[in-house]
Amino acid sequence: MTASMDELLERAGRQLDCLRGASEQLSQISATSTCPGGHVTATVDGQGALTGLTFADSARTVDPAVLGDVIVATAARAAAQAFARRAALITQFNDELTELTRTE
């Protein structure tokens, strides 16, 4: 059965809404991680870019070379969390879009 123009436009509108919703959710992804000792907290966006870095007073007692490694590791953990959230959203989007593009 051939879909009418109205049905095609309605389906296209639902697909566009799905895409806009996914885009908005992806742009809002953020993840924060704190190192095991609590010295450093890093926040990243959905692309893994560092958006925040805070240090506890105890960070002053950590050797600078070690602190550098702690910063990198903490930011990497936050990025891994953000990427996992991003992957889950993309999977959800793909599932929804697949459902919206099915023809009967």
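Counting starts from 1 at the beginning of each chain's written sequence and moves along it residue by residue. Owing to the predicted nature of the model, reporting of local features is limited to residues with pLDDT of at least 70; listing and counting of side-chain atom pairs is limited to 80 or more, with chain, interface and lining totals taken over all residues. As a rule here, side-chain values come from all non-hydrogen atoms in the structure, and water together with hydrogens is ignored.

Remarks on the overall build of the protein chain
And then number 1: By the criteria applied, helices consist of DSSP H or I runs no shorter than four residues and strands consist of E runs no shorter than two, each listed in order from the N terminus. A tally of helices and strands in the protein chain yields two helices and three strands.
And then number 2: The dimensions of the protein chain, computed from C-alpha atoms along their principal axes, are 70 × 15 × 15 Å.
And then number 3: The buried label goes to any residue with under 20% of its type's maximum accessible area, the exposed label to any with over 50%, and the partly exposed label to all in between, with areas taken from a 1.4 Å probe on protein chains only. Burial analysis of the protein chain (104 residues in total) assigns 23% to the buried set.
And then number 4: Element-wise, carbon and sulfur atoms account for 56% of the exposed surface of the protein chain, whose accessible area totals about 7000 Å². Each accessible area value is a Shrake-Rupley result obtained with a 1.4 Å probe; residue values ignore everything except the protein chains displayed when judging cover.

Concerning the pattern of salt bridges
And then number 1: The term salt bridge refers to a side-chain nitrogen of Lys or Arg lying within 4 Å of a carboxyl oxygen of Asp or Glu. Applying the stated criterion to the full structure yields one salt bridge.
And then number 2: A salt bridge links Glu10 to Arg14; the shortest N-O distance between them is 2.8 Å. Residue Glu10 and its partner Arg14 are both found in helix 1 (residues 5-27); the two are separated by four residues, about one turn of the helix.
And then number 3: By relative accessible area, Arg14 is classed as partly exposed at 35%.

Comments concerning the sheet that holds strand 2 (residues 40-45)
And then number 1: What makes two strands pair is DSSP finding at least two bridges between them. Spatially, three strands are ordered 1-2-3 in an open sheet, and the strand pairing comes out antiparallel. At either margin of the open sheet sits one strand with a lone partner, and together these are strand 1 (30-34) and strand 3 (50-55). Neighbouring strand axes in the sheet, compared pairwise and without regard to direction, differ in orientation by 10° on average.
And then number 2: Bridge analysis of strand 1 against strand 2 gives five bridges, and the strand direction is antiparallel. To define axes, lines are fitted to C-alpha atoms, for helices over the stretch in contact only, and angles between the resulting N-to-C directions are given on a 0 to 180 degree scale.

A few points about the nonpolar core
And then number 1: Take the buried Ala, Val, Leu, Ile, Met, Phe, Trp, Tyr and Cys residues and link them wherever side-chain atoms come within 4.5 Å; each set so joined is a nonpolar core. Core analysis: the largest hydrophobic core is formed by seven residues, namely Ile29, Ala31, Val44, Ala78, Ala79, Ala82 and Leu89.
And then number 2: Considering each element in turn, this core owes the most residues, four residues, to helix 2 (residues 64-101).
And then number 3: Throughout, a residue-residue contact means that at least one pair of heavy atoms, one from each residue, lies within 4.5 Å. The contact partners of Val44, leaving out residues within four places of it in the chain, are Ile29, Ser30, Ala31, Ala49, Leu50, Thr51, Ala75, Ala78, Ala79 and Ala82.
And then number 4: Counting six residues, the second largest nonpolar core, distinct from the first, contains Cys35, Ala59, Val62 and Val70.

A short note on helix 1
And then number 1: Expected span of a helix, by definition, is 1.5 Å for each gap between consecutive residues, and there is one gap fewer than residues. Its 23 residues give helix 1 an end-to-end C-alpha distance of 33 Å, which sits within 8% of 33 Å, the value for a rise of 1.5 Å per residue.
And then number 2: Considered for burial, the residues of helix 1 that qualify are Arg11, Cys18 and Ala22.
And then number 3: Of the surrounding secondary structure, the elements contacted by the buried residues of helix 1 are helix 2.

Digging into helix 2
And then number 1: In this model helix 2 runs 54 Å from its N-terminal to its C-terminal C-alpha over 38 residues, within 8% of the 56 Å that 1.5 Å per residue would give.
And then number 2: Leu67, Val70, Thr74, Ala75, Ala78, Ala79, Ala82, Leu89, Phe93 and Leu100 are the residues of helix 2 that are buried.
And then number 3: Where the residues of helix 2 are buried, they touch helix 1, strand 1, strand 2 and strand 3.
And then number 4: Polar contact is defined as a pair of N or O atoms within 3.5 Å, subject to the rule that within protein one atom must be able to donate a hydrogen and the other to accept it, and that residues adjacent in sequence are counted only when both atoms are side-chain atoms. For helix 2, the side-chain oxygen to backbone nitrogen distance between the N-cap and Ala65 is 3.1 Å, and the N-cap itself is Asp63.

Here's the deal with the pairing of strand 3
And then number 1: As judged from the five bridges shared by strand 2 and strand 3, these two strands associate in the antiparallel manner. Paired with Thr41 across the strands is Thr54, a residue of strand 3.
And then number 2: Linking two consecutive strands that pair antiparallel, namely strand 2 and strand 3, is a turn of four residues; a positive phi of about 90° is found at Gly48 within it.

In short, geometric facts, not functional conclusions.
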